[in-house]
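# Coordinate analysis (summary)
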Amino acid sequence: MKKHLLSAGDLSREDAELVLHTAEELRSLADRPIKKLPALRGRTVVNLFFEDSTRTRISFEAAAKRLSADVINFSAKGSSLSKGESLKDTALTLEAMGCDAVVIRHGASGAPHRLANSGWVRASVVNAGDGTHEHPTQALLDAFTMWRHLGPRNGGTLDGQRIAIVGDVLHSRVARSNALLLHTLGAEVTLVAPPTLLPVGVDSWPVETSYDLDGVLPKADAVMMLRVQRERMNGGFFPTAREYSRRYGLDGRRMATLQEHTIVMHPGPMVRGMEITADVADSDRSVIVEQVTNGVAVRMAVLYLLLGGSEPAVGNPDGADA
Amino acid sequence: MSSFLVKGARILGGDTRDVLIRDGVLVFGEPDADAEVIDATGLIALPGLVDLHTHLREPGREDAETVLTGTQAAAMGGFTAVHAMANTDPVADTAGVVEQVWRLGREGGYCDVYPVGAVTVGLAGRQLAELGAMADSAARVRVFSDDGHCVGDAVLMRRALEYVKAFDGVVAQHAQEPRLTENAQMNEGELSGRLGLAGWPAVAEEAVIARDCLLAAHVGSRLHVCHVSTAGSVELIRQAKASGWNVTAEVTPHHLLLTDELAASYDPVYKVNPPLRTTADTEALRAGLADGTIDVVATDHAPHPLEDKDCEWAAAAFGMLGLETALSVVQETMVDPGLLSWADVADRMSYAPARIGRVSDHGRPLEDGAPANLVLYDPSVRRVVEAAESVSLSRNTPYAGMELPGRVVATFRHGKPTVLDGKLA
Amino acid sequence: MPAPATTASPSSGVPDSRADRTVLDADDISRALSRISHEILERNKGADGVVLLGIPSRGVPLAERIATRIAAVEGSSVPHGSLDVTMYRDDLRLKPARTLLPTQIPDGGIDDKVVVLVDDVLFSGRTIRAALDALNDVGRPRAVQLAVLVDRGHRELPIRADFVGKNLPTSLVQRVRVHLTGVDDEDAVIIEGAAS
């Protein structure tokens, strides 16, 4: 994690577990009359969103505000800022105003790396989703959700737990971050997708892959369904939405083959009827709403650990990055 | 014109012979008391280098480079002739534009500039440009390329190959299957998947090379393949040559030295078209250059202003500087490991490109009466490349901070020094 | 990872002047806690409405032990839990972000209760100030009292304890360590370093 949180791969197991344990303490805050802690009083967190993502932005906003940070929302979508050079100008503006952390969502893979390593800003950079690269806080909240549900029956860890991640892995930053983080935490990840939606070189990732959803489901401890955009059909990634749903959608029939304890997850927003049917999304196994709640706690943990002290509490504090 | 007596240089890295530069030609074995003496002890004399692939950006992007600054950078790298690619604004697809570029080169006096003509109007890939008019112009264009774009249409490519036969021209193809590389950002492989950057498969280059080799053979014309970047491409060209087809190829210094691992920094200074490939590819390219499968080292010098690189990867322009560092990179990757002799370097960087471009007064052996196009190079020093030291208008060198061997000490073009003591003369 | 949240020891002095001294042994600690338990009951006229909140880490087992003793006397259990003050500390920014410790507010909350904060050592008073702030965000007690095993003096804030196991005059260069079984190997209060 160092000074920044750019990739789930930057987190050691120790770092990741510290985030989870911290989030566990912070989660109880939601039950208190005053849902606020003073830890980041006087710190400024900028939500710099070059892409629309209301749910991620408000999650970070709630997290920062509950830690008493000042929050500035900077939505750059649709403005002239979608062009590259303005990332730098925007960064210089934020630097001049004085901010302690930049939470950045950007359509270009690697934009948070540029922000963190270009010398434009001194603030900590938190990747809130970049292109088709990574979304590390989503992976942390997913791992946190799994850990809460599966940990108690597995010695408090995710060691050896089988996680199926199903859908458009190729275009999914969530899948990339989850594959890295869950591997770090000892889980066994299987990516399930049609061959056209698996990245080239996936065989070198620390995961299994499968084209056969029905073969994977009965062994899984958690099933994470990824959003599949219908437009992918036009790129020839699969013939029709109907064929996709038939082969890779999670419906009631498939859900019946899951083990009793298995949870169903989705990072949202869901395309109901495409990758997941409504009865599955709304079933008892579904922890999709809880993922949202956990998102705030995990992002509080990340912001606290990065900004709460004199230096980040996770990873190598010198901020060096490859 | 003053004359120079170069003393003690090793000709092509071999025997030491003094050479007199007088009246624009080389004279061996004749003293001249009036000549300015240049102590070239320990230096290597090579024929002036010829670049088959340079972007000078003028007209249109004078903020990135001009013919003057680009040819100055070339002279600093030991070049005496450069082929200026056609993707300017306006595109060099008419006699008027190529003559303008040619004339700017003459006025600058640092290099002879040979404009490359566009194959299709506006590089749009739909209609042949007036290739004959450019060939007949004062610029005497012989190399035609839509570089930056692939002539993707097989019929159009066939016609171009056929048509240039009339004036002994050559089509230099930028081999990139357009549909396979839509929005592509870097070499397709394990790393592109991990970095979430859209992949650029090797097959997109190789498929076009295979097709074009077959077309060239079919119509009996000359094909030149620009910036070969994959092991598979080397193999295809090897086979085409073995079949006796008239195919030549070039490799850039950066594809000899750098690999796609650099993209992991997301620093767009490493973003280039074709993309940096794997270590296995660089090894195949070096072997291909060594055995003559690849004829030429060409720089694909592609200057870009800071703002086009100081941004996120996907928004950045493709391309990197190359003129000033080319010889050093070739020494590092080819000469020092023993893959090429200095005489071979003279072939790959001077004789062969001049031959392919049909340039008569460059790329000639260093012998009595030859045009005095000469570079003196010190292979014994090592230096750390500083972007700020470039004489190019742009700073997008991928070698900044890297230590490379060698230094161009002097360059002579038609007997006149363009570089002396490592500085522009 | 966070550095241990202890201060660096003023060690490089003369070795033989650094004799560690046990000032309370297991029996002393047991007696002190019993006395504190009785004092709490006396002061509050029983255990009704009393909530014990230990400050992690060693305040938590102390609160448990006091709760056990009160239950033995009163015959009914007294609510007890823990209150982490990390995020309320005034020196939060002086060190790497610290690991959070558990906050466990007993069912029934603290509104209109008498909250007895329990900690091992009372020193500058800054931890207690942080605890008062933390308490403020949890609810509104009728009264807040403070029980500590050791008061070593050197207050930097106008704070005093209601219930003290032992007053222990120390010098600033000394360190007071409380060991409690459950967390440590033994029950003991130890002074490290010689008095100046």
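Counting starts from 1 at the beginning of each chain's written sequence and moves along it residue by residue. Labels are handed out in written order, letters beginning with A for the chains and numbers beginning with 1 for the ligands. With pLDDT at 70 or above as the cut-off, local features in this predicted model cover only qualifying residues; side-chain atom pairs require 80 or more to be listed or tallied, and sums for whole chains, interfaces and linings still use all residues.

### Overview of the overall build of chain C
Selection rule: Note on conventions: DSSP H or I runs of at least 4 residues are helices, E runs of at least 2 residues are strands, and numbering of each starts at the N terminus. By definition, residues are in contact whenever their C-beta atoms, placed on the basis of the backbone, come within 7 Å of each other.
For chain C, the helix and strand inventory stands at three helices and eight strands. The N-to-C order of helical and strand elements in chain C reads β-α-β-α-β-β-α-β-β-β-β. Here the analysis covers contacts within chain C between residues at least 6 apart in sequence; of these, 69% occur between residues at least 24 apart.

### Thoughts on the domain arrangement of chain B
Residues and elements named next belong to chain B. For clarity, the cut-off: The split into domains, and so the bounds of each, comes from an automatic or database assignment of domains. Ten residues, namely Ala, Val, Leu, Ile, Met, Phe, Trp, Tyr, Cys and Pro, are considered nonpolar, four, namely Asp, Glu, Lys and Arg, are considered charged, and the remaining ones, Gly among them, are considered polar.
The domain boundaries assigned to chain B delineate domain 1 (4-43 + 371-424) and domain 2 (49-356). Spacing between the C-alpha centres of domain 1 and domain 2 amounts to 25 Å. Taken together, the contact between domain 1 and domain 2 spans 26 residues of the former and 38 residues of the latter. Elements with a contribution of two residues or more to the side of domain 1 that touches domain 2: strand S17 (374-384), strand S18 (403-413) and strand S19 (416-420). Top element by residues in the side of domain 1 that touches domain 2 is S18. It accounts for six residues. When the residues that make up the side of domain 1 that touches domain 2 are grouped by side-chain class, the tally is 14 nonpolar, ten polar and two charged.

### Things to note about the sheet that holds strand S5 (residues 162-166) of chain A
All names here are of chain A. Under the convention used in this document: Strand pairing requires that DSSP identify at least two bridges connecting the strands. Angles here are taken between N-to-C directions and fall from 0 to 180 degrees, while the axes themselves are lines fitted to C-alpha atoms, restricted in helices to the stretch in contact.
If you walk across this open sheet you meet the five strands as S7-S6-S5-S8-S9, and the pairing is parallel. Each of the sheet's edge strands pairs with one partner strand only, and the pair in question is strand S7 (208-210) and strand S9 (263-265). Pairs of neighbouring strands in the sheet enclose a mean axial angle of 20°, with direction left out of account. Examined bridge by bridge, S5 and strand S6 (residues 188-192) share five bridges and lie parallel to one another. In the strand pairing of S6, Ile165 is matched with Leu191.

### Re the arrangement of the chains
Between chains A and B lies the most contact-rich interface of the two pairs of chains that touch. Without any contact between them, chain B and chain C keep their closest C-alpha atoms 25 Å apart.

### Comments concerning the pairing of strand S15 (residues 247-251) of chain B
Residue and element names in this part refer to chain B. Cut-off, in case you're wondering: Three exposure classes are used. Buried residues have 20 or more other C-beta atoms within 10 Å of their own C-beta, exposed residues have 12 or fewer, and partly exposed residues fall in between, all C-beta atoms being placed from the backbone.
The element S15 is extensively covered by neighbouring structure, given that five of its five residues are classed as buried. Side chains Val247, Ala249 and Val251 project from S15 onto one buried face, and the interleaved Thr248 and Glu250 project onto a second face that is buried too. Both S15 and strand S16 (residues 296-297) contribute to a ladder of two bridges, which runs parallel. Looking at S16, one finds that Glu250 is bridged to Val296.

### Digging into the environment of Ser12(A)
All names here are of chain A. Secondary-structure assignment places Ser12 in the segment before helix H1 (13-27). Ser12 sits in the partly exposed class, given 15 other C-beta atoms within 10 Å. Spatially, the C-alpha atoms of Ser12 and Leu181 are 8.8 Å apart, while their sequence positions differ by 169 residues.

### Things to note about the environment of Glu250(B)
Relative to the helices and strands, Glu250(B) resides in strand S15. Separated by 72 residues in the primary sequence, Glu250(B) and Gly322(B) place their C-alpha atoms 14 Å from one another.

### Quick look at the interface of chain A and chain C
With 20 residues of chain A at the contact, the number on the chain C side is 18 residues. Where the side of chain A that touches chain C is concerned, the elements lending two or more residues are H1 and helix H11 (288-307) of chain A. When residues in the side of chain A that touches chain C are grouped by element, the largest group, four residues, is from H1(A). Taken together, the residues of the side of chain A that touches chain C sort by class into ten nonpolar, five polar and five charged.

### As for helix H6 (residues 202-219) of chain B
Residues and elements named next belong to chain B. Quick note on the threshold: The span one expects for a helix is its residue count, reduced by one, times 1.5 Å.
Compared with an ideal rise of 1.5 Å per residue, which puts 18 residues at 26 Å, H6 spans 26 Å between its outermost C-alpha atoms and is within 8% of the ideal. All of the buried residues in H6 are Ala202, Ala204, Glu205, Glu206, Val208, Ile209, Asp212, Cys213, Leu215 and Ala216. Backbone geometry just downstream of H6 places Gly220 in the positive-phi region, at approximately 65°.

### A few points about H1(A)
All names here are of chain A. Given a rise of 1.5 Å per residue, 15 residues ought to cover 21 Å, and the 21 Å separating the end C-alpha atoms of H1 matches this to within 8%. Within H1, the full set of buried residues consists of Asp15, Ala16, Leu18, Val19, Leu20, Thr22, Ala23, Glu25 and Leu26. Residues of H1 that are buried sit in contact with helix H5 (136-150), helix H6 (173-184) and H11.

### So, the interface of chain A and chain B
At the junction of the two partners, chain A supplies 24 residues and chain B supplies 20 residues. Those elements that provide at least two residues to the side of chain A that touches chain B are helix H3 (85-97), helix H4 (111-117) and H6 of chain A. Per-class residue counts for the side of chain A that touches chain B are seven nonpolar, ten polar and seven charged.

### Overview of the confidence of the model for chain C
Residues and elements named next belong to chain C. Rules: By definition, pLDDT measures how confident the predictor is in each residue, and it falls between 0 and 100.
On average, residues of chain C score 89 in pLDDT, and 89% of them are at 70 or above. The low-confidence segment residues 1-17 (pLDDT under 50) makes 15 contacts with residues lying over four places distant or belonging to another chain. Across the interfaces of the predicted complex, the ipTM metric reaches 0.89, alongside a pTM of 0.89.

### Structural notes on the nonpolar core
Selection rule: Structurally, a nonpolar core is described as a collection of buried Ala, Val, Leu, Ile, Met, Phe, Trp, Tyr and Cys residues joined by way of C-beta atoms within 7 Å.
Ranked by internal contacts, the top residues of the largest apolar core, which has 300 residues, are Val102(A), Ala143(A), Val223(A), Leu303(A) and Ala45(B). Tallying contributions element by element places H11(A) first for this core, with twelve residues.

### Regarding the sheet that holds S18(B)
Residues and elements named next belong to chain B. Spatial ordering of the open sheet is given by S2-S6-S17-S18-S19-S20, a layout of six strands whose pairing is mixed. Among the strands making up the open sheet, the edge pair consists of strand S2 (10-11) and strand S20 (423-424). Here S2 pairs with strand S6 (residues 44-47) via two bridges, running parallel. What sits directly across from Ile11, in S6, is Ala45. Helix-sheet contacts for helix H10 (residues 326-335) involve S17 and S18, and the interaxial angle to S18 is about 130°.

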